Amino acid sequence: MATKGKDVQSPLPDPQAQTESTAALLRELVAHLRQNRTQLREEWARRITRAQLLTAMTEEEIFAEATSVYDNYVEALETGTFEALQAYARNLSERIIPRGVETHEVVGIVLLLRDVLARSLFGKYHEDFDKLNRILDAYEPAANRIANTVAVGFVQERERIIRQQQEAIRELSTPVLQVRERLLILPIIGVIDPQRARQLTEQLLRAIRTNRAKVVVIDITGVAAMDSNVANHLVQTVEASRLLGATVIVTGLSPEIAQTLVTIGVDLSEMATVGDLQGGIEEAERLLGYKVVPLEELTPKA
Amino acid sequence: MSRPSSESTVDRDVSTVADELLIPITADVDVVTARQRGRDLAAEAGFSSGDQTVIAAAISEIARNILMYAKRGEIALSVVANGDRQGVIVVARDQGPGIRDVPRAMQDGYSTSGGLGLGLPGARRLMDDFDVVSDAGKGTTVTMKKWRRMNA
Amino acid sequence: MEVPILKQGHYLIASIQSALTDADLSQLREALIERVGRFRARGVIVDVTALDVMDSFAVRTLRDIAHMARLRGAETVIVGIQPEVAFAMVQLGLTLKGVSTALDLEEGLAFLNVQTQLRIDRGPGRLDRG
């Protein structure tokens, strides 16, 4: 396949601006690929097996997928638009990633298809070198764009799945615990990035509502350090909880984190804090045990 | 109605996923309409419920600003895709008196109308991208965007 | 859109049903203050469960209601703020500082009962102002 060092993503010529001959060439090319669909597809499937790609799939499965990839490939060449191909690539990826198919395999098979089709063009036009050149001029940018589209679609889909899995892990690892009626505990452990902080807050607020919690103990003993963004977030969580009628007690505040809070302008005398989790729970129970709660002690002054 | 990506430039592959929604702001009730349409659009674009609320609140602030200072204007809403992220774009335009001192208006607590002046800085805190272009006597355009990663 | 205001004993309960324009909010404020005076109410509950957005004007209005009600001897509680609305509010920088909040109507009433009891306990002469 003659590569001329072109940028893989060289733009496809706007169909309307194409010269007559280029459009006609593409039509001829597409017709040839459709006519020889069966044997080209078989040749491709053979090459895939020889290269030991898609080993996670059976031969029947490979053949079935090969058929739809081939058809989508030719259609992209024909229409010059890539949305359908992009959607198909995503769809295909969604199906094969759980089977264990890897990026190099997907890139590999698309490039093999490109080769198989190029070879067949050589075979057809080998007697007319000039025509062969013109056909390849029409074919190459499109074929490279297709390879790129499929590969990128696969990678994006993979990243999406990984993110989803990470999200699920995060959800599992930050439980909001209800230990007593109307009392929730949120122990936070480890490093908190902004995304996790946000997720924690959303989970906590929902839990306050579901459990009708009146007191929440947020324990940050397990948090080593907090930058000002996350510290700000903690303050926002406390304020948002109050809007839902819950009092927040923060426990396990290290001197470093206390300093960070002061630096961002938090008035620590306004935030209810207790040294450790045990003490925090006791304080919470004390608050809940009263029938009449002296509000001046709980809420910030107006 | 999406435009084929072959029309976009090579590097960005940005395409508009839905048409632009134009909401005139001339009365009280339009502020409500604008934020509800904004919420619906964000929902269609797959934003979480929390983010929908945030976007609606930001639109509400900006729309009210238009009413208070320019008396009339419009808000344009659209959804765009950029690679593997999707975003809601809100453009608020008016031909009002304009903001003389944009940086100052972006500070908390600054207000020329006796209110709390939380409109601009508040909305900025809520959104990811925020831009204000204003000429005294010519009007103001506020462009704000919120992005999300594509999850199925 | 007029917000229905119910009288329950010494309390007034305003239940917001749907999205309110700025004018609606101002109207609610006026209606509540008028009734607090007329009925010598001791407590006001504003139920915002149905609001899916609360922006600076809404918060300002609620603060005004609480402030004016207190001047007339009534305590105000805002109830039913949705989790997402609360989160958006704090990000916007609106905290309803100085205004009492509770989870729902039940909690709001419990809160007002406590408040009223506290005022009685503090001694005569502090209950009803003219």
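Residues numbered from 1 in each chain as written. Chains lettered and ligands numbered in written order. Predicted model: local features only at pLDDT ≥ 70, side-chain atom pairs only at ≥ 80, totals over all residues.

This next bit is on the overall build of chain A. From N to C terminus, chain A includes 10 helices and 5 strands. Counting every position in chain A, which comprises 302 residues, the buried fraction comes to 32%. The contacts in chain A between residues at least 6 apart in sequence include a share of 80% that link residues at least 24 apart. (Helix = DSSP H or I, 4+ residues; strand = E, 2+ residues; numbered from the N terminus. Buried ≥ 20, exposed ≤ 12 C-beta atoms within 10 Å, placed from the backbone. Contact = placed C-beta atoms within 7 Å.)

Attention shifts here to the interface of chain B and chain C. At the junction of the two partners, chain B supplies 22 residues and chain C supplies 17 residues. Taken together, the elements giving at least two residues each to the side of chain B that touches chain C come down to helix H1 (28-44), helix H2 (49-70) and helix H4 (119-126) of chain B. Split into classes, the residues belonging to the side of chain B that touches chain C amount to 9 nonpolar, 7 polar and 6 charged. (Nonpolar A, V, L, I, M, F, W, Y, C, P; charged D, E, K, R; others polar.)

This part covers the sheet that holds strand S2 (residues 183-189) of chain A. Residue and element names in this part refer to chain A. Strands sit in the order S1-S2-S3-S4-S5 across an open sheet of 5 strands; the sheet is mixed. Here the strands that pair on one side only, and so sit at the sheet edges, are strand S1 (177-180) and strand S5 (272-274). Between one strand axis and the next, the sheet turns through 30° on average, direction left out of account. Pairing geometry for strand S4 (residues 247-251) and S5, over 3 bridges, is parallel. Bridging from a neighbouring strand, Ile 249 pairs with Ala 272 of S5. Lying on the sheet, helix H10 (residues 277-289) is in contact with S1, S2, strand S3 (215-222), S4 and S5; it crosses S3 at an angle near 175°. (Pairing = 2+ DSSP bridges. Axes fitted to C-alpha atoms, helices over the stretch in contact; angles between N-to-C directions.)

What follows deals with H1(B). Helical geometry note: an α-helix holds 3.6 residues per turn, so side chains three or four residues apart project in the same direction. If you check H1(B), its first and last C-alpha atoms are 25 Å apart, about what 17 residues at 1.5 Å a residue would give, namely 24 Å. Listed as buried for H1(B) are B:Asp30, B:Val31, B:Val32, B:Ala34, B:Arg35, B:Gly38, B:Arg39, B:Leu41 and B:Ala42. The secondary structure elements touched by the buried residues of H1(B) are strand S2 (21-25), H2, strand S3 (73-82) and strand S4 (85-94) of chain B together with helix H1 (22-39) of chain C. Of the residues one or two after H1(B), B:Gly46 is the one with positive phi, at around 85°. (Expected span 1.5 Å × (residues − 1).)

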